[in-house]
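What follows is the residue order along each chain.
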Amino acid sequence: ALYESVSQLPGWIYDFIIVGGGTAGNVVANRLTENSAVSVLVLEAGVSDRGVQDIEIPLLASLATPNTAYDWNYTVAPQQGLYGRVFSYARGYVLGGCSSVNLMVYSRGSSDDYNRYASISGDPGWSWDNLQYYIKRNERFTPPADGHSPIGQYDPAVHGYSGINSVTVPGYPTVIDQRVLRTTQELSGDFPFNLDMNTGNTIGIGWTQETILDGARSSSATSYLEPQFINRPNLHILLHAQVTQLFASKINGSKVHSFHTVQFSENRQGLPITNYNVTAKKEVVLSAGSFNTPQLLMLSGIGNKTVLDGLGIKTLLDNPWVGQNMSDHPLITNPFYVSSNQTFDPIFHNTSLLASDIAQWNATYPHEGPLVDGRGTLLGWLRLPNNSSIFQKYPDPSAGPHSSHYEFIFANVFAGSSPPSLGNYLTIFSNVVSPVARGYVTINSTNPFVQPIINPNLLGTDFDVYVAVEAIKSARRFANASAWADYIVGPYETWANATTDAEIEAYARRTATSIWHAVGTSTMSPRGASWGVVDPDLRVKGVSGLRIVDASVIPIVPAAHTQAVVYIFAERGSDLIKGAWKI
Ligand SMILES: Cc1cc2nc3c(=O)[nH]c(=O)nc-3n(C[C@H](O)[C@H](O)[C@H](O)COP(=O)(O)OP(=O)(O)OC[C@H]3O[C@@H](n4cnc5c(N)ncnc54)[C@H](O)[C@@H]3O)c2cc1C
């Protein structure tokens, strides 16, 4: 059941307590409660996702964050690689977490990404081949919203059809689709077509797969918590419940601290802050995401002793890895003026057009019209040439030949900061997806309601800057194909004059933000290793009773959007918990 108030909670002791009803947390909640003898409480700080237009309607996803009631409203620390700029870093403050507010791209990453996770963690269970079972448990490939045959847009052989989370291809044709495809023919050497980037080999350009069902968002809240699951008598979910600290005890003279008590605060506006404690008989599972999971560990005495001492927090486990090792993807948008009036820009410029598109969406099921997809109907994953000069200075940081250095996303609309209120645009996003830079998250307050310090360190190395520059130049080459000759008018003013490498670099540093893929802040490492935060079975090293299942355990950001990877980790993570408890 879903509760809006602490007064509805049926009790204070559960087998498992899951901190965060986000992307990963709801998977774990679903899988653990398959066994009706197991009781689970999910504590979610945020609000309900139900009936929120900007969450449900795919094309409006870009309105759901940042700086809304569904966002944690975080701001990053000044970014050295970006001339000291700061920007908002969106995180879903809502049931479903980021899966309720993200841009719905479904990309698994390459076989190389996972095989590297297996080798880093020393656990072959994290390899591409061994995770296929979990990929299929997550995915339910469904027809696109307009019911057309997706044949030719994906490889049916590699998809799951009986999982829980819906995946599909775009259900509304846009004016740029065929031109992108024609460019992959015209310039097939540099920009090959890839029928399906979820086969293990991501390289090339093809159709975007999206977590959408019948033209509406499919999130962990709409899928893993659909009525048949959320109505299980052993599953309890409390909204507006922000966990503020975990408490440890030492059981029977044991040397390690055992974490079974969770303190939370009901945080609805206007309510006085009251703390409540709940207890897990078996385990506490942290699924609060890449920023809040390490924040909670530190607030609870697990972290770098020097930092904790400085704040007067008693260190229970000195582990300097907590919050470190963050990797993320710099996002760069390259908008072009176009000659068409069939872009999505007018929808965002003209309130009556938007209202009529929303009316069409509401009046139809499966939903119809231009709002049924995310912004990028095609995208691609590309590598630097092998003989690039940068490889003399840096070993290739990508996971292998099936993983890319940069990504393109093609959007039939202006994307970027300060969108103009008139005109028609094409945007080619060029994102750095195998970064060398590492950032961190830490705390400078013992107050759990103060945001942690978030430093993704974007464009923090020469390698990342080199890729950013080459990717922007590559986007220009793509746009110079004859397929665009009668369509693209020219680059938008923000980058029109950036032609030399130095000018392009300055443009990248002036405009880059994050594509919100931070991972690695509670990284897994081999059992017994002196580094890392969790073992390959996702148990927090050096303590008992505590596991982490969310993006923070992923050691290195995949050359992919991260939600599918989080779902896959959460599916296997759930099985590891069930196996440990024989449930
Ligand atoms: C705007 C945006 C667009 C994105 N677009 C894409 C995309 O198109 N494709 C893609 O693959 N990925 C995308 N991502 C990234 C992807 O969604 C995330 O990597 C992934 O969903 C993270 O999952 P998680 O379970 O680690 O964290 P989350 O889904 O963030 O879950 C954490 C949950 O814990 C809750 N929580 C946090 N702290 C506490 C606390 N103290 N007490 C109680 N609850 C707490 C949060 O409210 C949240 O519900 C996007 C992300 C954003 C923000």
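Only a predicted model underlies this, so the values are computations on that prediction, with no experimental measurement involved. (Residues numbered from 1 in each chain as written. Predicted model: local features only at pLDDT ≥ 70, side-chain atom pairs only at ≥ 80, totals over all residues.)

Focus on the environment of tyrosine 89
Cut-off, in case you're wondering: Helix and strand definitions here come from DSSP, where helices need a minimum of 4 consecutive H or I residues and strands a minimum of 2 consecutive E residues; each element is numbered from the N-terminal end. Comment: burial labels come from other C-beta atoms within 10 Å of the residue's own C-beta, placed from the backbone, where a count of 20 or more is buried, 12 or fewer is exposed, and between is partly exposed. Any two residues are considered in contact once their C-beta atoms, placed from the backbone, lie within 7 Å.
With respect to the helices and strands, the residue tyrosine 89 is situated in strand S5 (residues 88-89). Judged by local crowding, tyrosine 89 falls into the buried class, with 23 C-beta atoms found within 10 Å. Spatially, the C-alpha atoms of tyrosine 89 and isoleucine 454 are 8.7 Å apart, while their sequence positions differ by 365 residues. In this structure, tyrosine 89 is in contact with Tyr74, Thr75, Val76, Ile454, Ser514 and Trp516, ignoring residues within four places of it in sequence.

A few points about the site of the ligand
Just so we agree on the cut-off: Each residue receives a C-beta atom built from its backbone; the residue is near a molecule or strand if that atom lies within 6 Å of it. Three residue categories are used. Nonpolar comprises Ala, Val, Leu, Ile, Met, Phe, Trp, Tyr, Cys and Pro, charged comprises Asp, Glu, Lys and Arg, and polar comprises the others, including Gly.
Neighbouring residues of the ligand: 41 residues in total, closest Gly20, Gly22, Gly97, Asn102 and His561. Sorting the residues of the shell around the ligand by element identifies helix H1 (23-32), strand S12 (241-249), helix H8 (289-299) and helix H15 (563-581) as the ones contributing at least two each. Considering every element that reaches the shell around the ligand, the biggest residue donor is H8, with 4 residues. Looking at the shell around the ligand residue by residue, the class counts come to 18 nonpolar, 20 polar and 3 charged.

As for helix H5 (residues 177-186)
We count it as follows: Our arc is simply the arc of the directions from the helix axis toward the C-beta atoms.
Those residues of H5 not exposed but buried are Arg179, Val180, Thr183 and Thr184. Each buried residue of H5 lies within a common arc of 145° when the element is viewed along its axis, so the set occupies one face. Looking at H5, the residues exposed on the side facing more than 90 degrees away from the buried face are Gln178 and Gln185. At its buried positions, H5 is contacted by strand S8 (204-207), strand S19 (376-382), strand S20 (406-411) and helix H12 (462-479).

Let's talk about the UniProt feature "active site" (unreviewed entry) in the protein
What counts, and what does not: UniProt positions are given in the numbering used here, feature names are shortened, and annotations may be inferred rather than shown by experiment.
Here the UniProt-annotated "active site" (unreviewed entry) positions come out as His517 and His561. Taking the farthest pair of C-alpha atoms as the criterion, the annotated set spanning 45 residues converges on one region, since that pair is 6.7 Å apart. Tracing the backbone shows histidine 517 in the loop between strand S25 (513-514) and strand S26 (546-548). Every residue in contact with histidine 517, bar those within four places of it in the chain, is listed here: Asp328, His329, Val557, His561 and Thr562. With near-sequence residues (within four places) excluded, histidine 561 lies in contact with Val105, Ser107 and His517.

Quick notes on the confidence of the model for the protein
This is how it is decided: One confidence number per residue, pLDDT, is output by the predictor and ranges from 0 to 100.
Of all residues in the protein, 100% have pLDDT values of 70 or greater, and the mean over the chain is 97. Note on the complex model: pTM 0.98, ipTM 1.00.

Here's the deal with the sheet that holds S19
Using the following cut-off: We call two strands paired when DSSP finds no fewer than two bridges between them. Fitting a line to C-alpha atoms yields each axis, with helices limited to the stretch in contact; the angle taken between N-to-C directions then spans 0 to 180 degrees.
Ordered in space as S8-S19-S20-S21-S18-S24, the 6 strands form an open sheet in which the pairing is antiparallel. Edge positions in the open sheet fall to S8 and strand S24 (488-491), since each of these has one partner strand only. For this sheet, the mean angle separating the axes of adjacent strands, direction not counted, is 20°. Along the sheet face, H5 touches S8, S19 and S20 and points at about 20° away from the line of S19.

Points about the UniProt feature "binding site: FAD" (unreviewed entry) in the protein
Cross-referencing UniProt, the feature "binding site: FAD" (unreviewed entry) maps to Val94, Asn102, Leu103, Met104, Val105, Val243, Trp516 and His517 in the present numbering. These residues run over 424 residues, and the two farthest C-alpha atoms among them are 29.4 Å apart, placing them at more than one spot. Its 25 C-beta neighbours within 10 Å are what place asparagine 102 among the buried residues. Structurally, leucine 103 is set in the loop between S5 and helix H3 (111-121). Those residues in contact with leucine 103 that lie beyond four places of it in its chain are Ala61, Gly374 and Arg375.

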